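Breakdown of the fold
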Number of protein chains: 2
Amino acid sequence: MTLRSQLRLTALVPLFAVAACASHGPAAPTPAAVPAAPTPVATPAPAPPAIDTTVQPGRFDMGKMWTFENPPLDYFKAEYGFTPSQDWLVHVRLAALRLPNCTASFVSANGLVMSNHHCARESATAVSRPGEDLLTNGFYAERLTDERRVPDLYVDELVALHDVTAEVQAAEAGGQSEADRIAARDRKIREVEGRESATARLRCEVTTLYHGGRYSLYCYRRYSDVRLVFVPEKAIGYFGGDYDNFTYPRYDLDVSFFRVYDDSGAPLHPEAYFSWSESGAHEGDPVFVIGNPGSTSRLLTQAQLEYRRDRQYPFLLHLLGSRLQILGAYMNEHPETRPRLINDYFEISNTLKAFTGEEEGLRNATLFARKVAFERNFKRAVMANPALHDQYGGLWDQIAALRTQIAELAPAVNALNQGGLLRSQTLATALSLIRYAEAAAQGAPDSALSDMRTSVTSARIDPVLDARILGAQLEDASQLLGPGDPWVAEALSGRSPQAAAEAIVGGSLVPDSARRAGALAQPGDVATSTDPAIRLMRDLLPRLRQVFGRYRPMQEEEEAHTGELARALFAVYGTTIAPDATFTLRIADGVVRGYDYNGTQAPAFTTFYGLYDRHASNPGSEDWALPPRWQTPPPALVLGTPLDMVATNDIIGGNSGSPVVDKAGRLVGLVFDGNIESLPGEFIYAAETGRTVAVHSAAILEALRHVYGARRLVDEIEPAPPTR
Amino acid sequence: MTLRSQLRLTALVPLFAVAACASHGPAAPTPAAVPAAPTPVATPAPAPPAIDTTVQPGRFDMGKMWTFENPPLDYFKAEYGFTPSQDWLVHVRLAALRLPNCTASFVSANGLVMSNHHCARESATAVSRPGEDLLTNGFYAERLTDERRVPDLYVDELVALHDVTAEVQAAEAGGQSEADRIAARDRKIREVEGRESATARLRCEVTTLYHGGRYSLYCYRRYSDVRLVFVPEKAIGYFGGDYDNFTYPRYDLDVSFFRVYDDSGAPLHPEAYFSWSESGAHEGDPVFVIGNPGSTSRLLTQAQLEYRRDRQYPFLLHLLGSRLQILGAYMNEHPETRPRLINDYFEISNTLKAFTGEEEGLRNATLFARKVAFERNFKRAVMANPALHDQYGGLWDQIAALRTQIAELAPAVNALNQGGLLRSQTLATALSLIRYAEAAAQGAPDSALSDMRTSVTSARIDPVLDARILGAQLEDASQLLGPGDPWVAEALSGRSPQAAAEAIVGGSLVPDSARRAGALAQPGDVATSTDPAIRLMRDLLPRLRQVFGRYRPMQEEEEAHTGELARALFAVYGTTIAPDATFTLRIADGVVRGYDYNGTQAPAFTTFYGLYDRHASNPGSEDWALPPRWQTPPPALVLGTPLDMVATNDIIGGNSGSPVVDKAGRLVGLVFDGNIESLPGEFIYAAETGRTVAVHSAAILEALRHVYGARRLVDEIEPAPPTR
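Residues numbered from 1 in each chain as written. Chains lettered and ligands numbered in written order. Predicted model: local features only at pLDDT ≥ 70, side-chain atom pairs only at ≥ 80, totals over all residues. Heavy atoms only, no water.

When helices and strands are tallied, chain A shows 25 helices and 20 strands. A compact globule built from 724 residues would reach a C-alpha radius of gyration of about 27 Å, and chain A, at 27 Å, matches this within 12%. Reported as C-alpha extents along the three principal axes, the dimensions of chain A are approximately 85 × 70 × 55 Å. Here the contacts in chain A between residues at least 6 apart in sequence split such that 80% fall between residues at least 24 apart. Side chains of chain A give 68 positive and 86 negative charges; the mean places of these two sets differ by 1 Å. (Helix = DSSP H or I, 4+ residues; strand = E, 2+ residues; numbered from the N terminus. Rg over C-alpha atoms; globule rule 2.2 N^0.38 Å. Contact = heavy atoms within 4.5 Å. Lys, Arg positive; Asp, Glu negative; His and termini not counted. Charge placed at Lys NZ, Arg CZ, Asp CG, Glu CD.)

Printed below as a string of structure tokens:
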């Protein structure tokens, strides 16, 4: 779940977005990256720990997501006694694939593709026929003709890549202002992509590496006939559910199979595929993850990291924790709402888990000292070079100054921001209605109006729950801005936050979809409406525009500085440092290895025995339930077979479904998650206890053979017996 | 392992004692409770976190180790809807037993006694016959006549108890000075014990509760014919070894059976025994642990806790970590030394694990704030009562002032202290030799001399390893006292700590047992010896006496203040608060319940499936190996049977072997450990994630039946089928 491409990013947008208005209104708050301020609601933040200046950065603190342009062959040789040949590199690159939100790979000569169960969720639902629920019950195509084409699904194969840095940077250099330069660069990128795509008859994309230190042209062959072959039942494919997500020891058969067909409608014979290693990897074996990590933030400066640690996370964790508590209590009181709310609950709870893990990474004194030490060395190198000093020497201070400005604005941004799962839908929908009315009055084109209408009509508001959320939101606002703030004072009007919230939601037409439709039909009345929610948002709107109008340029300036910093990094370290993740193909080396955990050691792999232990230890629980065919272990299933395993490879969201391969290029595992200790990987690669979690190759064959009787698939992927 | 009576205390004494000299010399350093100072060796301690003054103490922060004099019946009723009758209380008290270092209980009408495997280690070794290794291979007496009497083993049953506070405190009140009072009290205690033991024909002991707030007379019936009936193989009785010690999820059959025989040599028919619950407890069930918790430190003041957190633990953890590293590296370089050193290694490593857990408890801002909040409320109550105010109001400041004095002395105490596992044996043995020579010159009686001789002759010193340890010790001393300190300067004599250590150990006769024997034979030469180790210790001795001569009265004063504080606590809260543990019988209530762990949930119980998972996941490892009869699961063994379980009961070292009983007084489990989160229990009972770990009653029966075929035992304890 963790590693579905950009999952954590996309999950954040709805959580923190200002509903649907963001992309329409001229002064709409930006949907992403809402900053956060310290909240007096939470425990006072502890004094920042002293930084131990004797700590040195780790060699790979910036990560191991190596590009295929610059794999560190000398390091591989020194570390593993193994220098991948060009053939090896081309082979694993071509055998690896990119799904729209995951990684996958060819695993047979007949176009069979493997990825995760959680990457096939939408596909299983999409190909379910009336009366079927393949996501829950699983699917196996007994015959080739039973395979089901997944509408709109495609996979991309990276068939060519080359450096276009010189061309793009030359275009960039021509601009007079920063805006000119960005525009010139973007024009050039589009030009290169168009030209190269036409020439190569491929989908060519310029990938910005090192935030603009390098530009690489990646050309993909797209396969658009992708059919579902096998997906296990959700209960085994997502065993442990949201509880076990991001954790290890783990017992999850998170696998799915697709098949790519060629233009003639026959199974594709791919240029390259991974042959299967049944015995798989053992503890201590070097392994390589070939996949598409989504994004990381390892370039953040000390000032930015401190802001996150001391301000952003405390507020976010408070916000998530508060709303989770409200949602949980509400579902307990009203069990009939559980089916409707449980997904929101788990989305918040998983985001809370992920952020807690990231925050703990920043609170870890040694990890933080390593980040600071890296920055110290990096800065020293910049300062020692006159040209770099002139160009980049002021960046750290500029970024720190920006963060100070943002910190001042943050209470208003956090208190006034509307929309998303964590804030009142009554207020957010009222805001959409006001914007719609404004746009209609200004004669906006119907295409824009229609989207805005949809965002108003599609809201489904539970007034009791929404009043509780609004109560907490007003409480937060009152603490962030003080009870004397004009908007807080207007909202409260002398009432307690909860009483005010109940009066606003209860007195408003907004929660009622029929009355809302009526209001949409009379947009002219919105400007004078006395509805408490509409009036409150109408009074807020100018201030909202003013606050976000100040905030957005700060964000843009910070982004520009980050780009400059990345170029400085590249100037100092070149390709010896791997670039931040960009959802493009990378090769990450590592070793299969257990780790210290829970006062003891987590083993390098788990077994089917552990699956049955976790199941039997949680009787009656939905999350550790087993599908019928699994409930009694089939007699032929060898329970001691490795099920999941851990390795030190550097991964992040987007790596879901990545093949894990050994030095021989054989498939030994299938990445599906990271452990809880890997969450600081957003900022730093720390292999002490952070681990990639993968399904072991032996488990997949064992289950296909003895649980699913999937003979056809087994024959297709089974390794040939060793020749004598 | 954790919970063997006083294990953590007894483990500490050899670690930190000043060899055997402590109890002989007039100015010998005290063996227990060596204080610690901050060490510049470790990372600079982070700034103490701000204390959140809005935190309130938990209702049971001081624990739930209730006495049988004052079980909180109203609370039990309110919490569990269950009021134990007097009969119930007497029954569980009589069925519970105390071993010399553990708890046990009667589990049949024929005197069968159950405890832990780890409480039966010495017994298994003691009854092994030539060629047998019952500790490793286990033991089962097929017939009654096969049961083997364990030499010197006894169990005590608490048959009577009454309050003697008035009598003891009256004696105490007569004293003129503090020393008088203590002497008068101790005389009275001995008098009461003698009188009551004679009257009741029992072993009566006055137990000091609330550090003197209450005195209770506990009279025990002692059974001295105790025979070993069953002990499983060490590999299953201590499955997971030192790694899994103090942890959960756990898969350990930590059980043993003895039988008590009466004076006629026939199996005893005890007054009370626990009948067996085969189905055992389920998640959410209230359960009661009847056992003998060894000791806790829950009365420590904020100043004392801060000292531990900021000074004592950082140094202790450094010391343990440094020596562990030396020992580990040495065993790796010299694998042949492993059998000799591995027990020391694990003793240090387990102590490190325990202290790390305790330290983390103190670093947990919420737990610390709860301790502070408790103290605030307690202090406020004392100050509000004029009599209490006069008597006790100054205690907190007095204790804080003492800790400030101790902090000043601590570097010298830590740097100069000698002996134990963590310091050079060459120096410690040289010190013993000097003291022996002194005592001999002063004409000490031969009884004293003979013990001192033994402590010199019994030392076995590995000079290479000892020089490394001495090197680290001199490095620590140099950092604690500065290189200009006279003793440090003499020891180093311009050399590096490691070079100096090699010269001292290499140049000394002390490591050589034959030469040591020669020196013992000529005690008159010791005073003028030029042996580098002897000379160094001879020069140190006056200073050692001076430093510990200052330190010991501070400790005594602190102890006296702690007693006063406990009396103040008792005056304010009476028996609503349970007293600190005293290795006497307590009843601790709790609930079978999983907990948040590792980003997910630890289940309320594990199963035999998990045992096989942990075994199969760690192939080739000694710690997770299984005995031959377990390696292939016997076909009749139901793998989904609960194996270990967790409950919220408050336990500590000494509770090993405690019965876990349900409301019906039936046996549902057997305590054998606490999880890693329970380690802060030294200071505070925090049931959020701290748990008692027990073997589930169903697992014991299942294993006896289907793995051991122990029909005779099963018939004896098997619950009768329900009558219709």
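If you look at the interface, chain A gives 36 residues, while chain B gives 36 residues. Regarding the contact of chain A and chain B, the summed buried area is about 2,800 Å², with carbon and sulfur atoms giving 56% of it. Among the residues chain A hides against chain B, the three largest losses belong to A:Asn598, A:Tyr609 and A:Asp613. Together they make up 21% of the total. Linking chain A with chain B are zero salt bridges. Counting across the chain A and chain B interface gives 19 residue pairs in polar contact (both at pLDDT 80 or more). Residue assignment for the side of chain A that touches chain B shows that the elements contributing at least two residues are helix H9 (241–244), strand E15 (600–602), strand E16 (605–607) and helix H22 (608–617) of chain A. Tallying contributions element by element places H22(A) first for the side of chain A that touches chain B, with seven residues. (Buried area = accessible area lost by both parts, 1.4 Å probe. Salt bridge = Lys/Arg side-chain N within 4 Å of Asp/Glu carboxyl O. Polar contact = N/O pair within 3.5 Å; in protein donor to acceptor, adjacent residues only side chain to side chain.)

Peptide bonds are trans in most cases, and residues, glycine excluded, mostly fall at negative phi. Cis rather than trans, the peptide bond between A:Tyr248 and A:Pro249 has omega equal to 0 degrees. Phi angles above zero are rare outside glycine, and A:Tyr210 is one such case at about 50 degrees. Tracing the backbone through its elements, the reader meets A:Tyr210 in the loop between strand E8 (203–209) and strand E9 (214–223). The phi dihedral of B:Asn598 falls on the positive side, at around 55 degrees, and the residue is not glycine.

On to the state of the cysteines, then. Following the criterion strictly, the structure yields four disulfides over all chains and no others. Residue pairing for A:Cys204: its cysteine sulfur links by disulfide to A:Cys219, the two sulfurs lying 2.1 Å apart. With the S-S bond torsion at 110 degrees, the cross-link from A:Cys204 to A:Cys219 turns out right-handed. Pair noted here: A:Cys204 is in strand E8 and A:Cys219 is in strand E9, with a separation of 15 residues, a long-range link. A relative accessible area of 5% means that A:Cys204 is categorised as buried. Its relative accessible area of 4% is what places A:Cys219 among the buried residues. Two residues, B:Cys102 and B:Cys119, share a disulfide whose sulfurs are 2.1 Å apart. Between B:Cys102 and B:Cys119 the sulfur-sulfur dihedral comes to about -80 degrees; the bridge is accordingly left-handed. One end of the pair, B:Cys102, is in the loop between strand E2 (96–98) and strand E3 (103–106); the other, B:Cys119, is in the loop between strand E4 (112–115) and helix H4 (121–126), with 17 residues separating them in the sequence. Accessibility assignment for this pair places B:Cys102 and B:Cys119 in one class, buried. Each disulfide in chain A links cysteines that, numbered along the sequence, combine into the pattern 1-2, 3-4. (Disulfide = S-S within 2.5 Å. Buried < 20%, exposed > 50% of the residue type's maximum accessible area, 1.4 Å probe, protein only.)

Residue and element names in this part refer to chain A. If you trace the backbone, Glu147 turns up in the loop between strand E5 (139–140) and strand E6 (148–149). Exposure remark for Glu147: the relative accessible area of 6% places this residue in the buried category. In this structure the side chain of Glu147 is engaged in a polar contact, spanning 2.9 Å, whose partner is the side chain of Arg259. There is a polar contact of 2.6 Å between the side chain of Glu147 and the side chain of Tyr261.

Let us look at helix H7 (residues 178–200) of chain B. Residues and elements named next belong to chain B. Compared with the 33 Å implied by 1.5 Å per residue over 23 residues, the 32 Å span of H7 between its first and last C-alpha is a close match. Taken residue by residue, H7 has Ala184, Lys188, Ile189, Val192, Glu193, Glu196 and Ser197 as its buried positions. Arg201 sits one or two positions beyond H7 and adopts a positive phi of about 50 degrees. (Expected span 1.5 Å × (residues − 1).)

Considering all chains together, one arrives at 80 salt bridges over all chains under this definition. Notably, a salt bridge pairs B:Arg250 with B:Asp252, separated by 3.9 Å at the nearest N-O pair. Across the pair, B:Asp252 and B:Arg250 agree in class, each one buried. One salt bridge connects B:Asp662 with B:Arg666, and the closest N-O pair in it is separated by 2.8 Å. What makes B:Arg666 partly exposed here is its relative accessible area of 35%. Because the salt bridges share partners, they merge into one network encompassing A:Glu167, A:Lys188, A:Glu191, A:Arg195 and A:Glu196.

Here we take up the environment of A:Glu502. Residue and element names in this part refer to chain A. Tracing the backbone through its elements, the reader meets Glu502 in helix H19 (residues 497–506). For the pair Glu502 and Asp244, spaced 258 residues apart in sequence, the C-alpha to C-alpha distance is 37 Å. Apart from residues no more than four positions distant in its own chain, Glu502 is found in contact with Ala467 and Gly507.

We now examine the relation of the copies chain A and chain B. Overlay of chain A on chain B (RMSD 0.1 Å): rotation 179 degrees, translation along the axis 0.0 Å. The transformation relating the two chain copies, once decomposed into turn and shift, fits a two-fold axis. Here 100% of the interface residues in chain A have copies in chain B that are interface residues too; the copies meet face to matching face. (Least-squares fit on C-alpha atoms with pLDDT ≥ 70 in both.)

With that settled, the discussion passes to the environment of A:Asn350. All names here are of chain A. Turning to its location among the elements, Asn350 is positioned in helix H11 (residues 338–363). A relative accessible area of 9% places Asn350 in the buried class. Separated by 105 residues in the primary sequence, Asn350 and Asn245 place their C-alpha atoms 7.8 Å from one another. Leave out the neighbours within four places in its chain, and Asn350 touches Tyr238, Asp242, Asn245 and Phe246.

This part takes up the pairing of strand E20 (residues 692–696) of chain A. Residues and elements named next belong to chain A. With five of its five residues buried, E20 lies for the most part within the structure. The pairing of strand E17 (residues 642–647) with E20 spans four bridges and is classified as antiparallel. Each residue of the ladder has a partner; that of Met645, found in E20, is Ala694. Of the pairings in the sheet, the one linking strand E19 (residues 667–674) to E20 comprises five bridges and is antiparallel in character. Residue pairing for E20: Val671 is matched across the bridge by Ala694. (Pairing = 2+ DSSP bridges.)

In this section: the packing of helix H14 (residues 395–416) of chain A against helix H17 (residues 463–481) of chain A. All names here are of chain A. H17 packs onto H14 with a crossing angle of 165 degrees between their chain directions and a minimal axis gap of 9 Å. Of the possible angle classes, the one that applies to H14 and H17 is roughly antiparallel. In terms of crossing hand, the pair formed by H14 and H17 is left-handed. For the pair formed by H14 and H17, the contact residues are Pro411, Ala412, Asn414, Ala415 and Leu416 on the first element and Ala477, Leu480 and Leu481 on the second. (Axes fitted to C-alpha atoms, helices over the stretch in contact; angles between N-to-C directions. Parallel < 35°, antiparallel > 145°, perpendicular 65-115°, else oblique. Left-handed = near helix turned anticlockwise from the far one by under 90°.)

Quick look at the sheet that holds strand E13 (residues 586–591) of chain B now. Residues and elements named next belong to chain B. One open sheet holds the eight strands; their spatial order is E1-E13-E12-E18-E19-E20-E17-E16, and the pairing between them is antiparallel. Two strands in the sheet have a free side with no partner beyond their single neighbour: strand E1 (66–67) and strand E16 (605–607). Direction of pairing for strand E12 (residues 286–291) relative to E13: antiparallel, over a ladder of six bridges. Its bridge partner being in E13, Val289 is matched across the sheet by Ala588. With respect to the sheet, helix H2 (residues 73–80) is in contact with E1, E12 and E13, its orientation differing from that of E13 by roughly 15 degrees.

Bear in mind that shape data such as this cannot, by itself, settle questions of function.
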